[in-house]
Amino acid sequence: EHHQAGVKLLDMARFWWMTRARSWFLKHENLWRAEIDRLIEDRDSTTHLLPKGRYCGDISTQVHSLSVEGKAWRALNDWSSILEDLGDEVRAKEVGEYAAILKTQVMDALQQSIRHETVPPFIPNALLDREEPHSPITQTRIGSYWNLMTGFFLESRLFPVGSEEEAWLPHYLERHG
């Protein structure tokens, strides 16, 4: 449900940026507000991450998923601007502040999870779980699914533009694919 909440909010954000269809967004406010609330309120009090869920659709292993967390952060970050455009400045500020805190929490979990024994370092999808590097990526079923999930994380743009870390994932794909 958290993966889907992130996908829905990101799709609606793209729709907003393309159309600025204010009347549509106000008409469907109950839908997007519920998804925003889900991504904020369903956090684990210990890890500050969303509850563990399936690694991905076909892999039932329960993990704190970087792809889900990345989508959630990107969606909340984008929606703070959309809420402001819609005139809800109070909620825009709340969501924006939460997105900033969430980015720090996700990045902390990611820093604890990155595997530095490979070149470049391996960025796991399973946060705080010691996911083994996949090399070659397609040698195992889980590696192939990791490969699918990386796109969601790349799309989130959590790493600063131009940073060394931003290049780790694409370079890992090139060298271990």
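Throughout this description, residue numbers start from 1 for each chain and increase along the sequence as written. Totals for whole chains, interfaces and linings use every residue, but because this is a predicted model, local features are given only for residues with pLDDT of at least 70 and side-chain atom pairs only at 80 or more, for both listing and counting. Remark: hydrogens and water are excluded; side-chain values derive from all non-hydrogen atoms of the structure.

### Details of the packing of aromatic side chains
1) Next: Under the pairing criterion, centres of Phe, Tyr and Trp rings, with the six-membered ring standing for Trp, must be within 6.5 Å; the plane angle then separates stacked pairs below 30 degrees from edge-to-face pairs above 60, leaving the rest tilted. The final tally for this structure, using the stated rule, is ten aromatic pairs.
2) Next: Judged by centre distance (5.1 Å) and plane angle (75 degrees), the rings of Phe15 and Trp24 are edge-to-face.
3) Next: For each residue, the accessible area found with a 1.4 Å probe, counting protein chains only, is set against the maximum for its type, and the residue is called buried under 20%, exposed over 50%, and partly exposed in between. Owing to a relative accessible area of 28%, Phe15 belongs among the partly exposed residues under this scheme.
4) Next: Put simply, the rings of Phe15, Trp16, Trp24, Phe25, Trp32 and Trp79 pair up and form one aromatic cluster.
5) Next: Here Lys71 stacks its cationic end above the ring of Phe152, 3.9 Å away from the centre of that ring. Any Lys NZ or Arg CZ that is within 6 Å of a ring centre and within 35 degrees of that ring's normal is treated as a charge sitting over the ring.

### Observations regarding helix 3 (residues 29-41)
1) Next: The secondary structure listing takes helices from DSSP runs of H or I that are at least 4 residues long and strands from runs of E that are at least 2 residues long, numbered from the N terminus. Residue count minus one, scaled by 1.5 Å, sets the expected span of a helix. An ideal rise of 1.5 Å per residue puts 18 Å on 13 residues; helix 3 measures up with 18 Å between its terminal C-alpha atoms.
2) Next: The criterion used for residue contact is that any of the two residues' heavy atoms lie within 4.5 Å. Elements that come into contact with the buried residues of helix 3 comprise helix 1 (2-19), helix 2 (22-27), helix 4 (66-85) and helix 5 (89-113).

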